[in-house]
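The lines below spell out each chain.
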Amino acid sequence: MPTNKPDQYRTDFGESFRRWRESSDISQQNLHVLCSAANIKLYNSQFSHLEQGKLELKSSGFLELRDLNKII
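It should be emphasised that the depicted structure is a prediction, and the values quoted were computed from it without experimental measurement.

Asks: Whenever I open this one, the overall build of the protein confuses me. Can you help?
Replies: Tallying secondary structure elements over the protein gives 4 helices and 0 strands in all. For the protein, the succession of helices and strands along the chain, N to C, is α-α-α-α. Taking 2.2 N^0.38 as the reference for a compact globule, 72 residues should give roughly 11 Å; the C-alpha atoms of the protein span a radius of gyration of 11 Å, in line with that estimate. A total of 72 residues make up the protein; the buried ones form 26% of that total.

Asks: What's the story with the packing of aromatic side chains in this structure? I'm lost.
Replies: In total, this model carries 3 aromatic pairs according to the counting rule given. A network of ring pairs unites the aromatic residues Phe17, Trp20 and Phe47 as a single cluster.

Asks: What am I meant to see in the nonpolar core here?
Replies: What tends to happen in soluble globular proteins is that the nonpolar side chains get buried as a cluster. With 11 residues, the main nonpolar core is built from Phe17, Leu31, Cys35, Ile40, Leu42, Phe47, Leu50, Leu55, Leu57, Leu65 and Leu68. For this core, the elements supplying multiple residues, two or more each, are helix H2 (28-37), helix H3 (44-52) and helix H4 (59-71). Beyond its immediate chain neighbours, meaning those up to four positions away, Phe47 contacts Phe17, Gln28, Leu31, His32, Cys35, Leu42 and Leu68.

Asks: Any chance you could explain empty space enclosed by the protein here in plain terms?
Replies: Where empty space is left can be seen by rolling a probe of water-molecule size over the atoms. Overall, the coordinates contain 1 cavity of 30 Å³ or more when judged by the stated rule. The calculated volume of the largest cavity comes to roughly 40 Å³. Along its surface, the largest cavity is lined by Leu42, Gln46, Phe47, Leu50, Leu55, Leu57 and Leu65. Element by element, the count of residues in the lining of the largest cavity is highest for H3, at 3 residues.

Asks: Hey, could you run me through the pattern of salt bridges in this one?
Replies: Side-chain pairing between opposite charges can occur once the charged atoms of the two side chains come close. Applying the stated criterion across every chain yields a total of 4 salt bridges. The partner of Asp7 in a salt bridge is Arg10, and the shortest N-O contact between them spans 3.5 Å. Using a relative accessible area of 32% as the deciding quantity, one classes Asp7 as partly exposed. We note a salt bridge from Arg21 to Glu51, for which the minimum N-O separation is 2.6 Å. Here Glu51 lies in helix H3 and Arg21 lies in helix H1 (residues 8-23), a separation of 30 residues in the sequence. The exposure classification of Arg21 matches that of Glu51, with both residues buried.

Asks: Looking at this structure, I do not really get H4. What am I missing?
Replies: In an α-helix, one turn spans 3.6 residues; hence positions three or four apart end up facing the same way. Over its 13 residues, H4 runs 19 Å from end to end, which matches the ideal 18 Å to within 8%, given 1.5 Å per residue. If you check which residues of H4 are buried, you get Gly61, Glu64, Leu65 and Leu68. Buried positions in H4, seen along its axis, are confined to an arc of 100 degrees and lie on one side of it. H4 presents Ser59, Asn69 and Lys70 as exposed residues on the side facing more than 90 degrees away from its buried surface. Elements in contact with the buried residues of H4: H1, H2 and H3.

Calculation rules
- Residues numbered from 1 in each chain as written.
- Predicted model: local features only at pLDDT ≥ 70, side-chain atom pairs only at ≥ 80, totals over all residues.
- Heavy atoms only, no water.
- Helix = DSSP H or I, 4+ residues; strand = E, 2+ residues; numbered from the N terminus.
- Rg over C-alpha atoms; globule rule 2.2 N^0.38 Å.
- Buried < 20%, exposed > 50% of the residue type's maximum accessible area, 1.4 Å probe, protein only.
- Phe/Tyr/Trp six-rings, centres within 6.5 Å; stacked < 30°, edge-to-face > 60°.
- Core = buried A, V, L, I, M, F, W, Y, C linked by side-chain atoms within 4.5 Å.
- Contact = heavy atoms within 4.5 Å.
- 1 Å grid on protein atoms, 1.4 Å probe; cavity = no way out; pocket = protein on both sides within 12 Å on 5 of 7 lines; lining within 4 Å.
- Points joined across faces, edges and corners; volume = space filled by probe spheres on them.
- Salt bridge = Lys/Arg side-chain N within 4 Å of Asp/Glu carboxyl O.
- Expected span 1.5 Å × (residues − 1).
- Arc of directions from axis to C-beta.

Here's what the structure looks like:
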């Protein structure tokens, strides 16, 4: 769930995620397509909010990231 109040932990995590994504030359759209194909429930807007530190990931969100990490 997005929030307008990013904290330092979410901001740091989001910046790390963005740096990884950009260094791997992967767009948010590429991640969305990959997640769709693998039936992982992560979407473009979630990646954007995550990178901005505005996404409060619940445990299910971390599990989805885990599944994405496994296939990458």
